[in-house]
Amino acid sequence: MSGQTQRLNVVPTVTMLGAMKARLVGATRGHALLKKKSDALTVQFRQILKKIVSAKESMGDVMKTSAFSLTEAKYVAGDNIKHIVLENVQTAAIKIRSRQENIAGVKLPKFEHYSDGETKNDLTGLARGGQQIQLCRGAYVKAIEVLVELASLQTSFLTLDEAIKTTNRRVNALENVVKPRIENTISYIKGELDELEREDFFRLKKIQGYKRREIERQRANAKLFAEEQLAEKVSLQKGVSISSAHNLLSAAAEKDEDIIF
Amino acid sequence: MAGKAQIPTKNSALISMIADEDTVVGFLLAGVGNVDLRRKTNYLIVDSKTTVKQIEDAFKEFTTREDIAIVMISQYVANMIRFLVDSYNKPIPAILEIPSKDHPYDPAHDSVLSRVKNLFSTESVASGRY
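This structure is a prediction, so every number in the text was calculated from the model and none was measured.

> Any chance you could explain the overall build of chain B here in plain terms?
Scanning chain B for helices and strands turns up six helices and four strands. The proportion of buried residues among the 130 residues of chain B is 53%. Long-range pairs, those at least 24 residues apart, make up 62% of the contacts in chain B between residues at least 6 apart in sequence. Per element, the accessible surface of chain B, about 6,200 Å² overall, is 53% carbon and sulfur.

> Help me understand the environment of Ala55 of chain A in this model?
Considering the arrangement of structural elements, one finds Ala55 of chain A in helix H1 (residues 14–77). Contact partners of Ala55 of chain A, with chain neighbours within four places excluded, come to Val146, Leu150 and Leu153 of chain A.

> Help me understand the pairing of strand S1 (residues 14–19) of chain B in this model?
Residue and element names in this part refer to chain B. In terms of residue burial, S1 counts as a mostly covered element, since six of its six residues are buried. Burial of S1 is two-sided: the residues Leu14, Ser16 and Ile18 facing one way and the residues Ile15, Met17 and Ala19 facing the other way are all buried. With five bridges joining them, S1 and strand S3 (residues 68–74) adopt parallel strand pairing. Each residue of the ladder has a partner; that of Met17, found in S3, is Met72. Direction of pairing for S1 relative to strand S2 (residues 43–45): parallel, over a ladder of three bridges. For Ala19, the partnering residue across the bridge sits in S2 and is Ile45.

> Where do I start with the sheet that holds S2 of chain B in this structure?
Note on sheets: strands pair through backbone hydrogen bonds, and any given pair is parallel or antiparallel. Taken in spatial order, the four strands make up an open sheet running S2-S1-S3-S4 (chain B), and their pairing is parallel. Two strands bound the open sheet, and with one partner strand each, they are S2 and strand S4 (94–98) of chain B. Taken pair by pair, the neighbouring strands of this sheet meet at an average axis angle of 20 degrees, ignoring direction. Contacts between helix H3 (residues 130–238) of chain A and the sheet are confined to S1, S3 and S4 of chain B, with S4 of chain B contributing the most and set at about 130 degrees to the helix.

> How do you make sense of the packing of H1 of chain A against helix H1 (residues 21–30) of chain B when you look at a structure like this?
Helix packing geometry: the angle between the two helix axes and the distance between the axes. At their nearest, the axes of H1 of chain A and H1 of chain B sit 10 Å apart, and the two run at 90 degrees to each other. When the axes of H1 of chain A and H1 of chain B are compared, the pair comes out roughly perpendicular. In this structure, H1 of chain A contributes Met63, Leu70 and Lys74 of chain A to the contact, and H1 of chain B contributes Asp22, Thr23, Val25, Gly26 and Phe27 of chain B. Counted by class, the contact of H1 of chain A with H1 of chain B contains four nonpolar, two polar and two charged residues.

> Can you help me understand H1 of chain A in this one?
An α-helix turns once per 3.6 residues; consequently, residues spaced three or four apart project the same way. Taking 1.5 Å per residue, 64 residues should reach 94 Å; H1 of chain A reaches 89 Å between its end C-alpha atoms and fits that length. In the segment just after H1 of chain A, Gly78 of chain A is the residue with positive phi, at about 95 degrees.

> What am I meant to see in H1 of chain B here?
All names here are of chain B. H1 sits mainly inside the fold: nine of its 10 residues count as buried. For H1, the full list of buried residues reads Asp22, Thr23, Val24, Val25, Gly26, Phe27, Leu28, Leu29 and Ala30. Looking one or two residues beyond H1, the residue adopting positive phi is Gly31, at roughly 105 degrees.

> Help me understand the nonpolar core, please; the structure alone is not making it clear to me.
Among soluble globular proteins, nonpolar side chains are generally buried collectively. If you look at the biggest cluster of nonpolar residues, it comprises 56 residues, and the most contacted ones within it are Phe111 of chain A together with Phe27, Ile70 and Met72 of chain B. No other element matches H3 of chain A, which puts 15 residues into this core. Ignoring any residue separated from it by four or fewer positions in sequence, one finds Phe111 of chain A in contact with Ile96, Arg97, Ser98, Val148, Ala151, Ser152 and Thr155 of chain A together with Ala69, Ile70, Ile92 and Ala94 of chain B. Formed by 20 residues, the second largest nonpolar core is a distinct cluster that contains Ile18, Val71, Ile81 and Tyr88 of chain B.

> How do you make sense of the interface of chain B and chain A when you look at a structure like this?
Interfaces are often described in size by the accessible area the parts lose on coming together. Each partner contributes to the interface: chain B provides 49 residues, whereas chain A provides 56 residues. Carbon and sulfur atoms supply 70% of the area buried between chain B and chain A, which totals about 4,700 Å² over both sides. For the pair chain B and chain A, the number of links is zero salt bridges. Sorting the residues of the side of chain B that touches chain A by element identifies S1, H1, S2, S3, S4 and helix H5 (111–119) of chain B as the ones contributing at least two each. Broken down by element, the side of chain B that touches chain A gets its largest block of residues, nine residues, from H1 of chain B. Looking at the side of chain B that touches chain A residue by residue, the class counts come to 33 nonpolar, eight polar and eight charged.

> Where do I start with the environment of Val141 of chain A in this structure?
When you line up the elements, Val141 of chain A lands in helix H3. We classify Val141 of chain A as partly exposed; its relative accessible area is 23%. Remark: the alpha-carbon pair of Val141 of chain A and Ile94 of chain A, spanning 47 residues in sequence, is separated by 8.6 Å. With residues up to four places along the chain from it excluded, the contact list for Val141 of chain A reads Ile94 of chain A together with Ala30 of chain B.

> Honestly, the packing of aromatic side chains in this entry has me stumped. Any pointers?
Applying the stated criterion across every chain, the model contains three aromatic pairs over all chains. For the ring pair Phe45 of chain A and Phe157 of chain A, a centre distance of 5.3 Å and an interplane angle of 10 degrees mean the geometry is stacked. Of the two residues, Phe45 of chain A is situated in helix H1 and Phe157 of chain A in helix H3; the sequence distance between them amounts to 112 residues. Taking 5.0 Å as the distance between ring centres and 75 degrees as the angle between the ring planes, the aromatic pair formed by Tyr140 of chain A and Phe27 of chain B counts as edge-to-face. Pair noted here: Tyr140 of chain A is in helix H3 and Phe27 of chain B is in helix H1, and the two residues belong to different chains. Accessibility classification places Tyr140 of chain A together with Phe27 of chain B in one group, the buried group. The residue whose ring lies beneath Arg7 of chain A is Tyr188 of chain A, and the NZ or CZ to ring-centre distance is 3.6 Å.

Cut-offs applied
- Residues numbered from 1 in each chain as written.
- Chains lettered and ligands numbered in written order.
- Predicted model: local features only at pLDDT ≥ 70, side-chain atom pairs only at ≥ 80, totals over all residues.
- Heavy atoms only, no water.
- Helix = DSSP H or I, 4+ residues; strand = E, 2+ residues; numbered from the N terminus.
- Buried < 20%, exposed > 50% of the residue type's maximum accessible area, 1.4 Å probe, protein only.
- Contact = heavy atoms within 4.5 Å.
- Areas by Shrake-Rupley, 256 points an atom, 1.4 Å probe, with all protein chains shown as cover.
- Pairing = 2+ DSSP bridges.
- Axes fitted to C-alpha atoms, helices over the stretch in contact; angles between N-to-C directions.
- Parallel < 35°, antiparallel > 145°, perpendicular 65-115°, else oblique.
- Nonpolar A, V, L, I, M, F, W, Y, C, P; charged D, E, K, R; others polar.
- Expected span 1.5 Å × (residues − 1).
- Core = buried A, V, L, I, M, F, W, Y, C linked by side-chain atoms within 4.5 Å.
- Buried area = accessible area lost by both parts, 1.4 Å probe.
- Salt bridge = Lys/Arg side-chain N within 4 Å of Asp/Glu carboxyl O.
- Phe/Tyr/Trp six-rings, centres within 6.5 Å; stacked < 30°, edge-to-face > 60°.
- Lys NZ or Arg CZ within 6 Å of the ring centre and 35° of its normal.

Listed below in structure tokens is the structure:
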């Protein structure tokens, strides 16, 4: 998968060369931008990673305290409060609002909780343990705060992880596939154009040589002709046509074989 | 792919729970519980009689419901349906594994934390947790 095999299938023309060069510029710019994006995402990712670890730790503590306070509430108010709680569920008082945060073009979800309506006080009217139940409720609300924070961090973590992977894949694809291919195509077109130029040059040379030879031949012919003319003129002055002289000789040669011998 | 996953922006979403009774009671006390018109709850109490099938169904239902933003699941419950939790990869609802009272929290089992741990080098935060 190297060298000549990896190039686009194009017609080697000057126009195509220009188009390829433009594409190479585009690919380079895209590569630089994506690299920057990947870096930005990685920075964000690291931050979230740190936050997740610390949030997980604090989650452990918060859950422990809330479990303790529930046990306290149960101890004070009697074990049957859980049945009362389970039966009194109507609509959620604590709800989640989700919105998006945009980090380098990646949309990260962000949760925040809010309490909807009045806090239910129907349990505090019980005979015993109202104080403890209130404390327990407070502890669990605090736990929810931490958990909601953790949830949004965790979701961001997963989303960012995916986004970074995709971006890196694109960066690598541009760097290792698209750009070499375009570069190969450019060098192929350049080679091909050079070859054409050499061919053209050679053809021109050839034609020039042919022309020169032709001219020389004509000149030689003209010279010969001029010499003949001259010879004719001279012989005419002597009274014999040079052609007839030729003829005389040749006719003699034909007819009388032994004119001399 | 992250870019394609739609993140709905909603103003009121619920937290759902799959946990043991005490944890659920605690959170219900704080007021996350919701019962809709068809008497469907947004929580599942897991006790010794709950089957894995029930947990699976509840998990699938909670993760496909539109009005739920976060699913909190006790870690020991998550371990029962680990394959489902691990194969879940949507951003919303977010799955959150929480420690429960009588099962100590093990960060190695958490599908997200194990990935976090992979990404961190050994000398940093992860090593301090054990």
